[in-house]
Structure formats: C-alpha cells, structure tokens
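An overview of the molecular structure
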Amino acid sequence: MTKLDARMPDGPLQQKWEQRLEEMKLVAPNNKKKHDVIVVGTGLAGASAAATMGELGYSVKAFCIQDSPRRAHSIAAQGGINATKNYPNDGDSIWRLFYDTIKGGDFRSREGNVYRLAQVSNHIIDQAVAQGVPFAREYGGDLANRSFGGAQVSRTFYARGQTGQQLLLGAFQAMMRQVDRGKVKMYPRREMLDLVLVDGVARGIITRNLVTGEMERHAADAVVLCTGGYGRTYFLSTNAFNSNATAAWRCHKRGAYFANPCYVQIHPTCIPQSGDYQSKLTLMSESLRNDGRVWVPKDEADVDKPPHQIPESERDYYLERKYPAFGNLVPRDVASRNAKYMCDKGLGVGATGRAVYLDFRDAIEEQGRDVIEDKYGNLFHMYHKITDEDPYEVPMRIYPAVHYTMGGLWVDYELMSTIPGLFVAGEANFSDHGANRLGASALMQGLADGYFVIPFTVGNFIAEYDVQKVSTDHKAFDATEDDVQDQIERMMSIGKEGSRTVIEIYRDLGKIMYDQVGMSRTKEGLEQAREEIVGLREEFWNDVKIPGRADGYNKMLELAGRLADFLELSELMAIDASERDESCGGHFREEYQTDEGEALRRDDEFCYVAAWEYDEDGDPKMHKEELEFENVELSTRSYK
Amino acid sequence: MAQQTMTVHLKVWRQSGSDSQGRFEQYTAEDLNPHMSFLEMLDVVNEDLIHAGEDPIAFDSDCREGICGTCGFVINGQAHGSERGTTVCQLHMRSFNDGDTIVIEPWRARSFPVIKDLVVDRDAFDRIISAGGYVSVGTGPKPDANSIKIGKDVSDKAFDSAACIGCGACVAACPNASASLFTGAKITQLALLPQGKPERTRRVQRMVHQMEDEGFGNCSNIGECEAVCPKEISIDNIAKMKREYLRAMLSDT
C-alpha cells in the first residue's frame, strides 16, 4: 500500500520551496527533448504547464475535450487573481495572503503548500503582464487593485469581469507559441478515458477522439492531469456544460487517492434558476459584493412586492447585521448559507422564492453610474441579458450555486498523486484551499501550479526515476484500451434499449446532491443520499437511453460516460461528508454548529485530510494525512 | 407560477459528416418558457428526439454564459441571431414570437468544415494564433509588473481587442469568409501594448500569411463581422491590421 507522505521539506516555512528547488535533480538540456510529457486539460494549469515545459525543451502532448484549448473553463472566471504585491500600500505581505488562505480554508490545508502559493503569486502577475495580459490600470499607468471576497487588503488584480479569459488567453498563446516551435503537440476534441500504468507507474493515457470515436494511445514519461473540478456532479452548477471528473475519477480507479471529496464550494452570487429545462447556472462575480448590498424583506408579506416599494426600515441587510466587521464581504460559504437560511425562513424573493437581493442603489448614488459601469459593466450586461431586468434600475436577484470543488486527487508537495508519475494541478488536485476557497485564489493556484511548480517537479521526477521509454504496443496499453472499449460497448448496448435519457438521470443525481450533499448536510440525509445514488446508478446501468453510434461525434455518449463516473464519485462525496463529523468551510453538518448557528469545527478529531482509496466492492478505505500547523494558531473563523 | 409558453417551428441543417450531403429538417418545439435560452430550447428538442429514437441535433456549447466561444450558428441568416452583442447561448426565446419559423444553419466557410449538423472545425483559428498571436516571452523571472507603465486609455483599448472569444461569427457573416476581424483583433491588442512592440513586424506578417493560407477570404469592408460580433469588436481592428501590415512591408524592423 502507498504510504501517504506529503514529502514536505523540513525547515522554516519561508524557505521550504527554495530549499526543495535547490535539492531537485535536473534533466540536462539536451536530454529534455527525449522525454515526453502528457498534459491533460488546457485551462490555466494545463496551458501554463504545457507552455513552460515545452519551452524548457520537453516534448509535450496536450489534450483537451474542447474544439480549441482556448475554451477551457478557466475562461469563465470573472473576478480576479490575488497577489501580494502590496501596490496599494495597505499592509499586504506573503504572510498575510498565506494566513488569509489558511484561515479562509478553515485550517484544513497544508501550511507548506499554501505558503508556496502566496510566495509565487507575485511572479504570476509579472509573467502575465509580460505576456501582454491587459489588466485593469490606473490613469497613471499602474496596475489597479481591488479588495475581493472577504479580504481586508486590496490585492486582487483584474481585467474587467473577464480576468479568467485574459489570463487563459495569455497561457494559451504561450502554449500556441510552443506549438509553433514544435515543442507542444496539441490534441483538441480528445477525451482522456483511462490512465495506463506500467509497473505501477503512470506511463500513458487512452483517449477517445470525439469526432471519429477512435481510441488513441499515448505514452509518456509523466502524465499531468489538469482537468478541473467535479462541480458538475450536481448537474446544475456554474461549471461549463462539458466540465467533468472522468479523467480524475478513472485515475482514482487506477490507484490515485481522492482527497476531501466533500469540500464543495457553493457560490453565493449566482443568477437563480428559472425553470427545469436549465442545465447550468450563471455566476455573477463576487466582486459585486464590494459595492452591492445583500438584503431580503424583513416581513414575509413583502417578498412579492417590487423591491423599490419596500422602505429602508423594512429591509434586512442580514450580512451587515450579523457580521458587522465584514458585512457583505464575508467568505463564500458564510454568505451562501445565510442566503439559504433567509429563503428557508420564507423571506426569499423572485418567482421561486429562492433568491435574495443584491442592490446597487446606494453604490450608484455614492459613486455614480459611470464608476459602477466601469467596474461591473459586463456583469450588469450579462445579468440584464439573462433575466431581462436592468440591475442599474432594480436590484439583482441572486442565489447560491455549486461553483468550485476544493477536494480532488491527493497530491504531495510536488503535486504528484499516489501513482508515481501522475501529477495533478489546478482545481483537479486538493491541495491549497482546504475546506473553502477564497475569492480570486483559483486563478492564482492554477497558474502557480502550471507555471511555477509542475515544470520543476516533473523534471525532478524524470531525473530521479530514470524512466525508460515504453511503447504503446506494451500489453498494459492493450489491456487498458480493452477496458475502455468494453465500457463504451456496454453503455451503447444498454443505451439502445433503455428508456431514460442521460440528462434525465443526470438531473436526478443533481437533485439528490443539492438536497442532501449541498449547503447543509446531516448524517441521516447523507446516508439516504448514498442509497439513492446506488439506486440511480443501477438505473443508469439498466435503463439509460443513448442515441446514435460510438464511431463518431456523439455528445450523449460523452455525457453518459461522464455521468457513469459522477454516479460513483457522488457516493464517495456522501461517504466523506458523512465521516467528517464536524462543520468546516464548505462542509456544514447541521449536527455540528454553535449556539449561534455558525460552523463548529472539531480540530481535535478532524484536523486531517481524508484521502480515499478506491475499492471495487464499494467500500473505499480512508487514509488520513494529519495536518500539522507549526506556524499558525488554529482559531475559529469569525467575521463578526 | 402561471407563465405564457410559446411554440416555434425550426428548420435545422442536418449533416451526418463533413463529406456527406446536408439537408434541412423541420421540427416543432412546443410549451417553451420564453426565459429559456436558445440552446436550452434545442436541449428540449433533443430530449424529444432521443425519446423518439432519432439522432439529436449536434451543436457545440460549453460555458453557456457567452465567454468560451464554443457555441455559434446562423439563425435566420444572422450569425448568433439578431440580437447585438450576443452569443447563441445568451439569446433567449423571448426575443422570438410565438409561432415563428426559425432557420438554423452552421457557420458556412470553406475554412470551417462541418463536422456534424451545426458543429464545425475551427482549428484554422488556432493555427493563426500559433503563427504569432503572442508575446515571445518564456516563463521565469520578469521585471516587476508595475515597471511597465501603460496608460489606462491604451490598456482599455487593448482590452477591447483582447475581448475576442474566437467563436468564428465574423467569418460566418462575411460574404468573403474573411477572418480579418479575428486576426486583426489579436494583432491590434499586441501592437498597442509595449510588450508586443518588439515583434510586431514579424507577427503581422506571419499571422496575415497564415490567415491567407487557411483559405479565408479578403476583407472588403462590408462590416458584417462587426455587426454580428458577440463582443462588439470594432472593424477598426481590421484597419489597424492593414496599417500594421503596410508598416511591416515598408520597414525591416
């Protein structure tokens, strides 16, 4: 059995990364081209890793399910990216960003990883600016900063409401430059369906060509998984339609441990659902909470009244009331849970009663419409388009939706999973955000991993392991490809006769997950969820209906394969949530709350990472990585 | 909540593969909620087709919030439909009338071969970017980000060009199937910024030549590209590209 060793360098926090970099073995420049590296996924982590490794001289193969690597879901990130530049001179430092991130994550992440993240954050900004990423600027020509998502300093860099797009295009272009140089070979419209292990080491992948349906084999000296999170387990989420956990889950089934699957972030500022036909929800950047004020009517009788008819005295600005220090800028989990409570009390507004107001009236009065338009123009435009209501005139209506998953494949300090040679970066790993991610930290982590960590740690692995070439004719490739082919054939044969569409079953899964494994969980509900998931999985494997053929473009077949994996991962999420008898970050168990209804963390018993080992018989085994805090004192998060 | 529903009649281009003959098929979508997006309407149509044992309409989409650039087809003769500054995924059924007939076709351009139904191959765009749509800097220590001052006006202008989502509507709308707006936007963004200046000559030459090699047509200043662009990217970007190209032809640096 694999030993859960985080390979954390000894020595003071501030020197761990530097020290590790100095200890690492290097691959000679003339040898790098002999080493193939596979990068799966071309979001911020994948594109930046592929670009950097290609530039270093490795022979990189990059894969994405989209028709172009530029479309990875990082593109949709709106708000910004944190760094500790301290340009506004408001007292920011590496330590503060580190501390805020550890605390924001409710003390469920590794000190060493988080500190490294804060350390490299400034390099990311320098890198992006050098690439020509058009960040927001002040009139004098300096970069602009704003405070974001509960931070008490202005450390967030942004590009209007399209920061993810601009950073991704920067990384994408850097990668395309390596494509031009012949150092990166790009494979779009390919889905990784399995990991190939030779002697227990990751040596390649099996992909399906999403246009022709053909199976393809690719061998390499290391595999880097940058395939994003598993928010789509909930069906309705802010994640893209095609976002999925298939690559990560299939690696899990090949031996990579899955850590903290129950840590899911439910983002407070999304556009509420309007009907059952919906397949995804739209996020409104949380930067809106900098200027928007969240409220509901004090009186249940007022919920259907037009908001401007509700006088000031009859409005409950509940976040400002309950959390005077942070007000509308409390972390995401706190804001989400409180919105749910208000709606549960019958104070929710809008057609479904599942929404609260986010009001810009005061900000527009104080700062002027121009200023607000400059900051949030595109978000207001997007809201207007979707809802047909003008947020300059009427308050927005928002409701929480699944947005980000902090859990993911377990990785050590060098971002290697429990399978040697399999590295995991970005949202796909579990490493930096603990039980809750702070705003503007996802872009930072994706790029930190891809530009500044993976290129070195993969090199160290290649040098240290002295990996020998394998051919795709190796019997391990035959066997793995057969497994993938069998699964597809099985699905297609059931799919011919079945009666329920992929979307119908998928929607059912989403409902179970939102109801029982969502913002507020109970032991009983989680056990019930587990039973229902098992039942739904059986239904899938007996009655799913899949149109068309496997030997060509078939969106429903793609989705069916992903749903099959979500139907397994969801059960692990319920198990993990049920085992964690405490409330922390995005994981809130109703049995564990303070008298005031706040999360009750239980550090004595649960200060660990739960890393799950796959079991074919449905009885996964938990391995604990105890979290040691040498530099910070575990405090109760208080935003009052 | 009682809500008015609507019915629309669809004429959809169906084509099983790049080499096969395509044709229009007719469908009727009933009981639609006007707040549905256009793609959600197609989702509903597809669910019915699947239940009826037929092949669903293939179309690409991903973020469904207008930023990834994956979706896009021609609706009643207009790329992304008739609403300005909108991708198909952000187009809502309320902008149609009950009983309308709606014609849906894929992007039509020689350089964007049809893969299936409404799905086309836009790899040519990526090849244009890889010909020079970047600043040639490696990863590694860089000067402090604020050591390069860029005025807000310039930065905002560069952003306007950088907002392109690479959806291909500009090509689909152009009678010459020109990719000038797409290519011009990237050239303009990088030519405006000090970071992009050192290699602007090589960039514009390589990108324009790649665009031509891909079989895209020339720009003849019709302006349809700007009219359909979901990010409302200005045709000025094409003028800028042409100036950059001319400058490159006349200078050696």
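Residues numbered from 1 in each chain as written. Chains lettered and ligands numbered in written order. Predicted model: local features only at pLDDT ≥ 70, side-chain atom pairs only at ≥ 80, totals over all residues. Heavy atoms only, no water.

1. Focus: helix α6 (residues 200–213) of chain B
Residues and elements named next belong to chain B. In a regular helix each residue adds 1.5 Å, so 14 residues correspond to 20 Å; α6 covers 20 Å between its end C-alpha atoms and thus fits that length. Arg200, Thr201, Arg203, Val204, Met207, Val208 and Met211 are the residues of α6 that are buried. Across the axial projection of α6, the buried residues extend over an arc of 170°, all falling on one side. Among the residues trailing α6, glycine 215 stands out with phi positive, at a value near 95°. (Helix = DSSP H or I, 4+ residues; strand = E, 2+ residues; numbered from the N terminus. Expected span 1.5 Å × (residues − 1). Buried < 20%, exposed > 50% of the residue type's maximum accessible area, 1.4 Å probe, protein only. Arc of directions from axis to C-beta.)

2. Examining a nonpolar patch on the surface
Among the surface-exposed residues, B:Leu246, B:Met249 and B:Leu250 lie close enough to one another that they form a single nonpolar patch of about 360 Å² accessible area. Inspection of the secondary structure puts B:Leu250 in helix α8 (residues 236–250). (Patch = residues over 30% accessible without salt bridge, like charges linked within 9 Å, V, L, I, M, F, W, Y side chains within 5 Å. Areas by Shrake-Rupley, 256 points an atom, 1.4 Å probe, with all protein chains shown as cover. Salt bridge = Lys/Arg side-chain N within 4 Å of Asp/Glu carboxyl O.)

3. Things to note about the sheet that holds strand β9 (residues 222–225) of chain A
To summarise the sheet geometry, strands pair through backbone hydrogen bonds and adopt either a parallel or an antiparallel arrangement. Residues and elements named next belong to chain A. Strand order in this open sheet of five strands is β5-β2-β1-β9-β17, and the pairing throughout is parallel. The open sheet has two edge strands with one neighbour each: β5 (184–187) and β17 (422–424). Ignoring which end each strand starts from, the neighbouring axes of this sheet average 20° apart. Where strand β1 (residues 36–40) meets strand β2 (residues 59–63), five bridges bridge the pair, whose relative direction is parallel. Within the sheet, the bridge partner assigned to isoleucine 38 lies in β2 and is lysine 61. (Pairing = 2+ DSSP bridges. Axes fitted to C-alpha atoms, helices over the stretch in contact; angles between N-to-C directions.)

4. Some words on the layout of surface pockets
Put simply, the largest pocket is a space of about 1,000 Å³. As for the largest pocket, its lining consists of 44 residues, of which A:Arg160, A:Gln162, A:Asn378, B:Ala163 and B:Lys231 are closest to the centre. Among the secondary structure elements, those contributing two or more residues to the lining of the largest pocket are α11 (369–387) of chain A together with α3 (152–162), α5 (180–192) and α8 of chain B. With 11 residues, the top contributor of residues to the lining of the largest pocket is α11(A). Of the residues in the lining of the largest pocket, the class split is 13 nonpolar, 16 polar and 15 charged. (1 Å grid on protein atoms, 1.4 Å probe; cavity = no way out; pocket = protein on both sides within 12 Å on 5 of 7 lines; lining within 4 Å. Points joined across faces, edges and corners; volume = space filled by probe spheres on them. Nonpolar A, V, L, I, M, F, W, Y, C, P; charged D, E, K, R; others polar.)

5. What to know about the nonpolar core
Counting residues in each nonpolar core, the largest one holds 248 residues, and the members touching the most others are A:Met53, A:Ile81, A:Phe135, A:Leu225, A:Leu422 and A:Phe540. Formed by 29 residues, the second largest nonpolar core is a distinct cluster that contains B:Cys71, B:Ile75, B:Val88 and B:Leu118. (Core = buried A, V, L, I, M, F, W, Y, C linked by side-chain atoms within 4.5 Å.)

6. Here we look at the packing of helix α2 (residues 123–130) of chain B against α6(B)
Residues and elements named next belong to chain B. Close contact between α2 and α6 brings their axes to 8 Å; oriented N to C, the two are set at 155°. One way to sum up the angle between α2 and α6 is to call them roughly antiparallel. Handedness of the α2/α6 crossing: right-handed. Contact residues: α2 offers Arg127, Ile128 and Ile129, while α6 offers Met207, Gln210 and Met211. (Parallel < 35°, antiparallel > 145°, perpendicular 65-115°, else oblique. Left-handed = near helix turned anticlockwise from the far one by under 90°. Contact = heavy atoms within 4.5 Å.)

7. Regarding unusual backbone geometry
Residue and element names in this part refer to chain A. With a phi close to 55°, aspartate 199 is a non-glycine residue in the positive phi region. When you line up the elements, aspartate 199 lands in the loop between β6 (190–198) and β7 (201–209). Using a relative accessible area of 77% as the deciding quantity, one classes aspartate 199 as exposed. At asparagine 260, a position not held by glycine, the phi torsion is positive, near 45°. With respect to the helices and strands, asparagine 260 occurs in the loop between β10 (258–259) and β11 (264–270).

8. Side note on the domain arrangement of chain A
All names here are of chain A. Domain boundaries in chain A define domain 1 (267–402) and domain 2 (494–603). Put simply, the middle of domain 1 and the middle of domain 2, counted by C-alpha atoms, are 28 Å apart. Taken residue by residue, the interface counts 14 residues in domain 1 and 10 residues in domain 2. Together, the buried faces of domain 1 and domain 2 total about 890 Å²; carbon and sulfur atoms form 52% of this surface. In terms of surface lost to domain 2, no three residues of domain 1 exceed Arg337, Lys340 and Tyr341, which account for 46% of the buried area on that side. Taken together, the connections running from domain 1 to domain 2 amount to zero salt bridges. (Domains from an automatic or database assignment. Buried area = accessible area lost by both parts, 1.4 Å probe.)

9. Some thoughts on the interface of chain A and chain B
How big an interface is tends to be stated in terms of the accessible area lost upon association of its parts. Of the residues lining the interface, 77 residues belong to chain A; the matching set on chain B comes to 77 residues. Taken together, the two surfaces of chain A and chain B that pack against each other cover about 6,400 Å², and 50% of this comes from carbon and sulfur. We note a salt bridge from B:Lys149 to A:Asp142, for which the minimum N-O separation is 2.3 Å. For the pair chain A and chain B, the number of links is 49 residue pairs in polar contact (both at pLDDT 80 or more). Elements that contribute at least two residues to the side of chain A that touches chain B include exactly α3 (44–56), α5 (111–130), α6 (163–180), α11, α12 (442–465) and α14 (502–516) of chain A. When the residues that make up the side of chain A that touches chain B are grouped by side-chain class, the tally is 31 nonpolar, 27 polar and 19 charged. (Polar contact = N/O pair within 3.5 Å; in protein donor to acceptor, adjacent residues only side chain to side chain.)

10. So, the packing of aromatic side chains
Within the structure shown, the criterion is met by 32 aromatic pairs over all chains. Between A:Phe606 and A:Tyr608, the aromatic rings sit 5.9 Å apart at their centres with planes inclined by 40°, giving tilted as the arrangement. When sorted by exposure, A:Phe606 lands in the same class as A:Tyr608, which is buried. In this structure an aromatic cluster arises from ring pairing among A:Tyr230, A:Trp249, A:Phe258 and A:Tyr614. Here B:Lys152 stacks its cationic end above the ring of A:Tyr139, 5.5 Å away from the centre of that ring. (Phe/Tyr/Trp six-rings, centres within 6.5 Å; stacked < 30°, edge-to-face > 60°. Lys NZ or Arg CZ within 6 Å of the ring centre and 35° of its normal.)

11. Observations regarding the domain arrangement of chain B
Residue and element names in this part refer to chain B. Per the domain assignment, the segments of chain B are domain 1 (6–116) and domain 2 (122–250). Taken residue by residue, the interface counts 19 residues in domain 1 and 21 residues in domain 2. Regarding the contact of domain 1 and domain 2, the summed buried area is about 1,500 Å², with carbon and sulfur atoms giving 56% of it. It is Arg84, Ser111 and Phe112 that lose the most area in domain 1 upon contact with domain 2, and together they represent 33% of the buried surface on that side. Linking domain 1 to domain 2 there are zero salt bridges.

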